[in-house]
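# Reading the structure
The residues making up each chain are set out below.
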Amino acid sequence: MGLLAYLKTQFVLQLLLGFVFVVSGLIINFIQLLTCVLWPFNKQLYRRINTRLSYSLWSQLVMLLEWWSGTECTLYTDQATVEKFGTEHVIIILNHNYEIDFLCGWTMCERYGVLGSSKVLAKHELLKVPLIGWTWYFLEIVFCKRKWEEDRDTVFRCLDRLKDYPEFMWFLLYCEGTRFTEKKHQISMEVAESKGLPKLKYHLLPRTKGFTTTLKCLKGTVSAVYDVTLNFKDHQVPTLLGIINGKKYMADMRIRRFPVDEIPEDEKECANWLHKLYQEKDALQEHYHKEGTFPGPTITPPRRLWTLLNFLFWATLLLSPLINFACGVVVSGSPLLILGFSLFLIIASIAIRRLIGVTEIKKTGSSYGDEGAKKQN
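Report on the accompanying structure. Bear in mind that the values here come from a model prediction, so they are computed numbers and not experimental data. (Residues numbered from 1 in each chain as written. Predicted model: local features only at pLDDT ≥ 70, side-chain atom pairs only at ≥ 80, totals over all residues. Heavy atoms only, no water.)

Next up on the list: the overall build of the protein. For the protein, the count of helices and strands is 13 helices and 8 strands. For the protein, the spread of C-alpha atoms along the three principal axes comes to 70 × 55 × 45 Å. Buried residues in the protein amount to 51% of all 377 residues. Pairs at least 24 apart in sequence give 78% of the contacts found in the protein among residues at least 6 apart. Taken as a whole, the protein presents about 18300 Å² of accessible surface, with 62% of it coming from carbon and sulfur. Averaging the coordinates of the 45 positive side-chain charges in the protein and doing the same for the 37 negative ones gives two points 5 Å apart. (Helix = DSSP H or I, 4+ residues; strand = E, 2+ residues; numbered from the N terminus. Buried < 20%, exposed > 50% of the residue type's maximum accessible area, 1.4 Å probe, protein only. Contact = heavy atoms within 4.5 Å. Areas by Shrake-Rupley, 256 points an atom, 1.4 Å probe, with all protein chains shown as cover. Lys, Arg positive; Asp, Glu negative; His and termini not counted. Charge placed at Lys NZ, Arg CZ, Asp CG, Glu CD.)

Below, the discussion takes up the packing of helix α9 (residues 208–218) against helix α11 (residues 267–291). Where α9 contacts α11, the two axes come as close as 10 Å, and the packing angle between them is 120 degrees. Taken as axis vectors, α9 and α11 run oblique relative to one another. Seen along the crossing, α9 lies across α11 with a hand that is right-handed. Here α9 contributes Thr208, Lys209, Phe211, Thr212 and Leu215 to the contact with α11, which in turn contributes Glu267, Cys270, Ala271, Trp273, Leu274 and His275. Residue composition of the contact of α9 with α11, by class: 6 nonpolar, 3 polar and 2 charged. (Axes fitted to C-alpha atoms, helices over the stretch in contact; angles between N-to-C directions. Parallel < 35°, antiparallel > 145°, perpendicular 65-115°, else oblique. Left-handed = near helix turned anticlockwise from the far one by under 90°. Nonpolar A, V, L, I, M, F, W, Y, C, P; charged D, E, K, R; others polar.)

Scanning the entire structure with this criterion turns up 21 salt bridges. A salt bridge links Glu110 to Arg304; the shortest N-O distance between them is 2.8 Å. Linking Glu110 in helix α5 (residues 101–111) with Arg304 in the loop between β8 (298–299) and α12 (306–332), this pair joins segments that are 194 residues apart in sequence. Classification of Glu110 as buried rests on a relative accessible area of 0%. The salt bridge involving Lys276 is made with Glu280; its shortest N-O contact spans 2.6 Å. With a gap of 4 residues between them, Lys276 and Glu280 both fall in helix α11, about one helical turn apart. Each of the salt bridges in this network shares a partner with another, and the network as a whole consists of Lys43, Arg47, Glu140, Arg161 and Asp164. (Salt bridge = Lys/Arg side-chain N within 4 Å of Asp/Glu carboxyl O.)

Before going further, it helps to spend a moment on a nonpolar patch on the surface. Judged by side-chain polarity, Leu3, Leu4, Tyr6, Leu7 and Leu13 come together as a nonpolar surface patch covering roughly 490 Å² of accessible area. Mapped onto the fold, Tyr6 is located in helix α1 (residues 3–8). Residue Tyr6 is classed as partly exposed on the basis of its relative accessible area of 42%. (Patch = residues over 30% accessible without salt bridge, like charges linked within 9 Å, V, L, I, M, F, W, Y side chains within 5 Å.)

Turning our attention to unusual backbone geometry. In this structure, Glu140 is a non-glycine residue whose phi angle is positive, near 65 degrees. In this structure, Glu140 sits in the loop between α6 (132–138) and β4 (142–144). Its identity as a non-glycine residue notwithstanding, His235 has a phi of 55 degrees, on the positive side. In this structure His235 comes out as exposed when scored by relative accessible area, which is 62%.

Locating Lys248 in the fold gives a position in the loop between α10 (240–244) and β7 (250–259). Residues Lys248 and Leu284, 36 residues apart in the sequence, show an inter-C-alpha distance of 24 Å. Ignoring sequence-local partners within four residues, the contact set of Lys248 consists of Ser69, Gly70, Thr71, Glu72 and Gln236. A polar contact is formed between the side chain of Lys248 and the side chain of Glu72, at a distance of 3.0 Å. (Polar contact = N/O pair within 3.5 Å; in protein donor to acceptor, adjacent residues only side chain to side chain.)

It is worth spelling out the nonpolar core at this point. Counting 100 residues, the largest nonpolar core has Trp58, Ile100, Trp106, Trp136, Trp170, Phe211 and Leu215 as its most contacted members. Once you skip the residues sitting within four places of it in the chain, Trp136 turns out to touch Trp58, Trp106, Val120, Ala122, Leu126, Ile141 and Phe143. (Core = buried A, V, L, I, M, F, W, Y, C linked by side-chain atoms within 4.5 Å.)

This is how it looks when you write it as structure tokens:
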């Protein structure tokens, strides 16, 4: 292990990274709160400001992926599709198998200039998560409780409000509804069998209501659906902790573009289209497991300096006073100050670890398949 790789695994450095992210996030959230006064007078100005504030926070996570761990993302798609990236409103369909699948999606958003304006249909519980949920609230993310009777009006209202969004947005949907696990897959395939649908090997049965509703509400705004199928070289199982430890992963993403005009408008036919799409995604994953690659030409978009420069700005702003304060505490020799600062570090490390826990597969609980949970669509 080289010196740089060794340093990336050290807790103190990782704690400093976390400190910069958390404190800058709280500052950004406070500024976002202040921008709310703009909404009644100039909604579009409010949105443009919050797009850039959100970018300043999320790009720090992208920096960890691209510059800290050196993870590489290769796109399997054609040049004509790539030329559309960042020039249109779209819906993104991404498989939900890995802890860092959202980061791989974000790095593509960043490289094509839509990270700050990216959207997602998120579970309501995330609204309560500091930094993540708070930033998404100001960014007009659509939150749902996964109970259609309760979500219907909220989802329609929030999606309708996005029709005049001034920045090109990529709206991410995890149509499977929850992250893939073997237990959930078994339950899902029992549902598929009961409905006479072909079984999937690498995906859960898609829940069609979220997709058909989003497409219906945003039709006339979004011009295409991008289907993204993600996998990793050499059967890697990436984690956010691995990224923080500087581990490099090799991500491959098969991207297909479907113009909205080619997708059926009828809800039932649209749902059938989505099921067929997941059968094709499953075939792509089968090809990848056999061949180690997806079919088609490859493109590797270059990473940009903006994520690194943004992080260095926040690090310079926040770490200098922290280090000066820490040195002052040590020099003072005061047991009370040293104890207080130690408690601060312990609380900070716990808080950062809990934020990381939001992404971990074993900790992402779900009612998927439970009796009384909402039925699959």
